[in-house]
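Residue-level listing of the chains:
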Amino acid sequence: MNNHPVQVLTPSGGDVELITQSLATAGLQACIFPPSVENLTPAERDRVGALIIAEEALSPGVVAHLSHLLQSQPPWSDLPVLVLTSGENETQESIERQCTRLPLGYHSLLERPIRPGTLVNTVESAIRARKRQFQVRDAMAERDRALIALRQSEERLRLAAETAHIGTWERDLDAGNLQCSDSCKANFGRKPDDPFTFEDFQNAIHPEDCAAVTAALGAAIRERVPQRAEYRVFWPDGSLHWIVASGRILFNANGLPTTLVGVVLDVTERHIAMDTLLRTEKLAAVGRLSSSIAHEINNLLECVTNLLYLARQATPDQDAREYLAVAERELRRVADITSQTLRFHKQQSAPRAILASELFDDCLSIRQDRLSNAGIIVERRLKITRPVLCFEGEIRQVLNNLVGNAIDAMGAKGGRMLLRARESTDWRTGRSGLLLTVADTGSGIDGPNLRRIFEAFFTTKGIAGTGLGLWVSQEIVERHSGRLGVRSRTEASSGTVFTLFLPYEAATR
């Protein structure tokens, strides 16, 4: 108790001496104030154990100051006030004094003459009550410190989760309510203000993954183990993403599941990286296989070419010699196409200037039978006579792939193919060049497939396609500093348009 002294404010020297001696005998500390109560500050008010003040010291100014100090106390504080009164009969003066101290609110009275036993008992009771107030103060301070520490910890956790794009969620299994953090909504393609219910979550899951997610939740409830599932979800814009979700079931006192809490993380980039790695490994394997195949094919082509040459030299029939010459020339073209297709990353010839008409003529001559059999009408619009410097074998390979895809898109029903050549300018670089167009009236390419047609191994032809044609073509065009573009429609007047831009002087590497 000595840490919380009793403040004594009385003009009577006798009272002061009696009070201090009585309290000291009881082991209580008393501090004597001068007659002016203005020295009692809010800080001092919150430190003392009790206040003893003589009734005659309660002037209007003192009452006003004390009243303000008492009314402005913190919530935990209720400073005990003991007022020394005269023990005489009630008089008009004593009634006026009672009215004067009314603004002080509740307070205890000690009548004079002061009885030491009554004084000590009253003060000890006030000190005990005051001590409980200080305990409440300390408990509140400790609670506030704990709350501040908790908020700081939660803030650090929130910042860490936001930095790592980890979303938190909680689902009430009884009510079915779902509460999500902003990061959780973002992992499902939602904005912070967008509603996101449990039904929205279920509808976002890829149909092929719904059973696995349900099974993981069932196992978490039955076996009381953490739930973990990796599955695909559709965003509102239609894009597909990968999600990893981890959660835990909370049970009530009866052992019944009540709440499911956990975190989610978008791992789409990881899957993209894995897919890229797989494609890279497949391409490396294809490259190694291509070198072996190209070597064997070229050996066979060289052998057949030599035999045709010998046959042409040995026969006297002029028609036969011409046929053999054509066959020999076509075999050389087959060799060029094989080398360019299977080893496109290697430069096989020097660049030369060539006309658009020559490029299209060579491409159509190879596809002439398929065009005739399918009933496809070819329309040529060649409005340029300026040659372009390029590696003609590579560009022929690109055009051959575009024309072949157009024929496949139109199929047996036939259609119309437009081949166009004109001068153009690349708006990104300002360079002039040749713009070649291959357009068809086929079935067209839908949006999701159109975004992926230049990916390696992506094909819409099933086992009949390799998924390398357009990917190889794009690589060739980029090495020529050109640009390969595409537009397509699947509705009425469906069809696809490929554009190939080649700068006039780009192929000088």
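Per chain, residues are indexed from 1 in the order of the written sequence. Local features in a predicted model are, by the rule used here, given only for residues with pLDDT of at least 70; side-chain atom pairs are given and counted only at 80 or more, and totals for whole chains, interfaces and linings are based on all residues. For side-chain calculations, the full set of non-hydrogen atoms in the structure is used, while hydrogens and water are omitted.

Undergrad: In this structure, what is going on with the sheet that holds strand β7 (residues 178–180)? I would like to understand it.
TA: Note: strands within a sheet are paired through backbone hydrogen bonds, in either parallel or antiparallel orientation. Any two strands with at least two DSSP bridges between them are considered paired. Strands are runs of DSSP state E lasting at least two residues, helices are runs of H or I lasting at least four, and both sets are numbered from the N terminus onward. In spatial order, the strands read β7-β6-β10-β9-β8; together these five strands make up an open sheet with antiparallel pairing. Pairing within the sheet leaves two strands with one partner each, and these edge strands are β7 and β8 (227–234). Between one strand axis and the next, the sheet turns through 25° on average, direction left out of account. With nine bridges joining them, strand β9 (residues 240–251) and strand β10 (residues 257–266) adopt antiparallel strand pairing. Among the inter-strand pairings, Gly-247 is bridged to a residue of β10, identified as Gly-262. Any two residues having at least one pair of non-hydrogen atoms within 4.5 Å are treated as being in contact. Convention adopted: a line fitted to C-alpha atoms gives each axis, helices being fitted over their contacting stretch, and angles between N-to-C directions are expressed from 0 to 180 degrees. Sitting on the sheet, helix α8 (residues 210–223) touches β8, β9 and β10, and the angle it makes with β8 is about 160°.

Undergrad: I'm lost on helix α12 (residues 392–410) in this one. Help?
TA: Three or four residues apart is the spacing at which side chains of an α-helix point the same way, because the helix has 3.6 residues per turn. Between its first and last C-alpha atoms α12 spans 27 Å; for 19 residues at 1.5 Å apiece the expected length is 27 Å, and the two agree. Taken across its 19 residues, α12 has 15 buried, putting it largely inside the fold. Two residues or fewer past α12, Gly-411 is found with a positive phi of approximately 65°. A helix is expected to reach a length of 1.5 Å times the quantity of its residues less one. Relative accessibility thresholds used throughout: buried, under 20% of the residue-type maximum; exposed, over 50%; partly exposed, between the two (1.4 Å probe, protein chains only).

Undergrad: What am I meant to see in the sheet that holds strand β12 (residues 376–382) here?
TA: If you trace the five strands from one edge of the open sheet to the other, you get β12-β14-β15-β17-β16, paired in mixed fashion. Only two strands of the sheet have a single partner each, and these edge strands are β12 and β16 (483–489). When strand polarity is set aside, the average angle formed by the axes of neighbouring strands in this sheet is 15°. Here strand β14 (residues 415–425) runs beside strand β15 (residues 432–440); their pairing, made up of nine bridges, is antiparallel. When the bridges of β15 are listed, Leu-419 appears paired with Val-438. On top of the sheet, helix α11 (residues 356–374) reaches β12, β14 and β15; it is set at about 170° to β12, its chief contact. Along the sheet, helix α14 (residues 469–479) makes contact with β16 and β17 (495–503), crossing β16 at roughly 140°.

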